[in-house]
Amino acid sequence: LSRQKRPLFGAIDLGGTKLLSVIATPDGEILARDRRPSQTQEGLEAILARMAGSLDSAAEEAGVQPSQLGAVGVASAGAINFDRGIVSEAPQLPGWQDVPLRDLLQEQLQLPVLLDNDANAAGFGELTFGAGRGSRHLIYLTISTGIGGGIIIDGQLYRGKSGAAAELGHIVIDMGGPVCPCGARGCLEAIASGTAMVWRAQEALEQGRSPLLAQLAAEEPLTAELIARAARQGDEACTEIYRVAAFALGNALASYVSIFDPNAIVLGGGIMNSSELIFEPARRTMEGMVRRLPLQGLRVLKGELGDESGVLGMVALLRRDRTFGG
Ligand SMILES: [Zn+2]
């Protein structure tokens, strides 16, 4: 019996600010990476060329010709129509509406392309290669400047009828609360995202409630990470900002658990760098709210794959699909 050689895959994560390309084996071993800014303001043509250039440079580092790749998976920001390979809308990609990204890239790369939403892909990556390995039902949440989600039911991504499912950051936590970028009020994203925490911190600074943060913010940009540093040094306003965010997150997690009764919840994104301020208290809040049965055997985990969860998720999706030779 001769064993057929399995092809390598390319994968690209297209975000609002960053572009990551990798060459990987079907088992999720990354052989080469290329990171560069996505420069989305330059428009579609430039982004397509940039994605191709990034993939080429990863391929060169891995010592393969791009034409030898079995397929390329693309994890993109925005609402994705999976079946048609279209980016329907994407606030992170200015001017993008109904962009047939899959077909455009297939043309550009002369390779089969699979396109999915970045948070969906990240959730599938954690399920296949990361913290959620072995889970049948998994809820994935990524918290950074925004909040994205992925829902996996019976080992399959749930994408909804239009590809807009799993917007777990837009569950309303506080009716009449702060206005969210989506236009609604009191979404989890408007309370617990890094951006929302920075808004609260700016208010605290204007009101003179955080002398320590004022000192720190004079030297470097005001971010969720900086707020965390001030909180760790005992700043009360910053501690309160994290307390409120963690409580909101805990409430959201309790809702997800009540709806989905998952085996695992995996949390990723930049905010996990301050996990003792948000992950642990949110988990305790959730555990105090949820009924006994869904809590039994539920694992609440930090993501293991970092910013490579999206590309690894696309590798996992390609591998599972026989049309791509996985
Ligand atoms: Zn919202």
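Residues numbered from 1 in each chain as written. Predicted model: local features only at pLDDT ≥ 70, side-chain atom pairs only at ≥ 80, totals over all residues. Heavy atoms only, no water.

*Asks:* An account of the sheet that holds strand β7 (residues 97-99) is requested, with residue identities and associated values reported.
*Replies:* One open sheet holds the three strands; their spatial order is β5-β6-β7, and the pairing between them is antiparallel. Looking at the sheet topology across the chains shown, the edges are occupied by β5 (79-81) and β7. On average, each strand axis in the sheet is inclined to that of its neighbour by 25°, with strand direction left out of account. Taken together, the two bridges between strand β6 (residues 86-89) and β7 define a ladder with antiparallel strand orientation. By the bridge assignment, V87 is partnered in β7 with V99. (Pairing = 2+ DSSP bridges. Helix = DSSP H or I, 4+ residues; strand = E, 2+ residues; numbered from the N terminus. Axes fitted to C-alpha atoms, helices over the stretch in contact; angles between N-to-C directions.)

*Asks:* Tell me about helix α7 (residues 224-232), and please be specific about residues and values.
*Replies:* Of all the positions in α7, only A224, L226, I227, A228, A230 and A231 are classed as buried. The inward-facing, buried residues of α7 abut α5 (194-206), α6 (211-217), α8 (236-260) and α9 (275-289). (Buried < 20%, exposed > 50% of the residue type's maximum accessible area, 1.4 Å probe, protein only. Contact = heavy atoms within 4.5 Å.)

*Asks:* Explain the coordination of the zinc ion residue by residue, including any values.
*Replies:* Taken together, H170 (ND1), C180 (SG), C182 (SG) and C187 (SG) make up the full set of protein donors to the zinc ion, lying 2.0 to 2.3 Å away. Every donor counted, the four donor atoms about the zinc ion form angles of 106 to 118° at the centre, which fits tetrahedral coordination. Each donor residue of the zinc ion belongs to the same chain, with the gaps between them written as H-x9-C-x1-C-x4-C. (Donors = N, O, S within 2.8 Å, 3.2 Å for Na, K, Ca; no water. Tetrahedral: all angles 85-135°; square planar, octahedral: opposite > 155°, others 65-115°.)

*Asks:* An account of helix α3 (residues 118-129) is requested, with residue identities and associated values reported.
*Replies:* In this model, α3 (12 residues) spans 16 Å end to end at C-alpha, consistent with the 16 Å of a helix rising 1.5 Å per residue. For α3, the buried fraction is high: 11 of the 12 residues fall into the buried class. Residues of α3 that are buried include every one of A119, N120, A121, A122, G123, F124, G125, E126, L127, T128 and F129, and no others. Two or three places before A119, at the opening of α3, N117 has a side-chain oxygen 2.9 Å from that residue's backbone nitrogen. (Expected span 1.5 Å × (residues − 1). Polar contact = N/O pair within 3.5 Å; in protein donor to acceptor, adjacent residues only side chain to side chain.)

*Asks:* Any chance you could break down the packing of aromatic side chains for me, citing the residues and the numbers?
*Replies:* A full pass over the atoms with the stated rule returns zero aromatic pairs. The ring of F82 has R159 lying over it, and the distance from NZ or CZ to the ring centre is 3.5 Å. Stacked on the ring of F279, the Lys or Arg K302 has its end atom at 5.7 Å from the ring centre. (Phe/Tyr/Trp six-rings, centres within 6.5 Å; stacked < 30°, edge-to-face > 60°. Lys NZ or Arg CZ within 6 Å of the ring centre and 35° of its normal.)

*Asks:* Any chance you could break down the packing of α5 against α8 for me, citing the residues and the numbers?
*Replies:* Between α5 and α8, the least distance of the axes is 10 Å, while the angle of their chain directions is 150°. Taken together, the axes of α5 and α8 are roughly antiparallel relative to one another. When the axes of α5 and α8 are compared, the crossing they make is right-handed. Residues M197, R200, A201 and A204 of α5 lie in contact with α8, whose contacting residues are A237, I241, Y242 and A245. For the contact of α5 with α8, a count of residues per class yields seven nonpolar, no polar and one charged. (Parallel < 35°, antiparallel > 145°, perpendicular 65-115°, else oblique. Left-handed = near helix turned anticlockwise from the far one by under 90°. Nonpolar A, V, L, I, M, F, W, Y, C, P; charged D, E, K, R; others polar.)

*Asks:* Quick rundown of the sheet that holds strand β2 (residues 18-24)? Include the residues and the values.
*Replies:* Strands sit in the order β3-β2-β1-β4-β8 across an open sheet of five strands; the sheet is mixed. With partners counted over all chains shown, the strands left at the sheet margins are β3 (30-37) and β8 (113-117), one partner each. Across the sheet, the mean angle from the axis of one strand to that of its neighbour is 15°, orientation sign disregarded. The pairing of β2 with β3 spans seven bridges and is antiparallel.

*Asks:* Tell me about the environment of E61, and please be specific about residues and values.
*Replies:* Following the sequence through the fold, E61 ends up in helix α1 (residues 44-62). Sequence spacing of E61 and D34 is 27 residues, and the spatial spacing of their C-alpha atoms is 8.8 Å. Contacts of E61, omitting those with residues within four sequence positions, involve A32 and R33.

*Asks:* Residues and numbers for unusual backbone geometry, please.
*Replies:* Residues other than glycine seldom take positive phi values, yet D154 does so here, at roughly 50°. At D261, a residue that is not glycine, the phi angle is positive and equals roughly 45°. Mapping D261 onto the fold places it in the loop between α8 and β12 (264-268). For D261, a relative accessible area of 45% gives the class partly exposed.

*Asks:* For the pattern of salt bridges, give the residues involved together with the corresponding values.
*Replies:* Pairing of side chains with opposite charge becomes possible as their charged atoms draw close. One pass over the full model with this rule turns up 14 salt bridges. Across the salt bridge formed by D103 and R102, the nearest N and O atoms sit 3.4 Å from each other. For R243, the salt bridge identified is with E240, shortest N-O distance 3.0 Å. Note that R243 and E240 are positioned in helix α8 at a spacing of three residues, about one turn of the helix. Looking at E240, the relative accessible area reads 35%, which means it is partly exposed. Here the residues in one salt-bridge network are R33, R35, D307 and E308, joined through shared partners. (Salt bridge = Lys/Arg side-chain N within 4 Å of Asp/Glu carboxyl O.)

*Asks:* I'd love a proper account of the side chain of H137, names of residues and values included.
*Replies:* Tracing the backbone through its elements, the reader meets H137 in the loop between α3 and β9 (138-143). With residues near it in sequence (within four places) discarded, H137 still touches I152, I153, D154, P262, N263 and A264.

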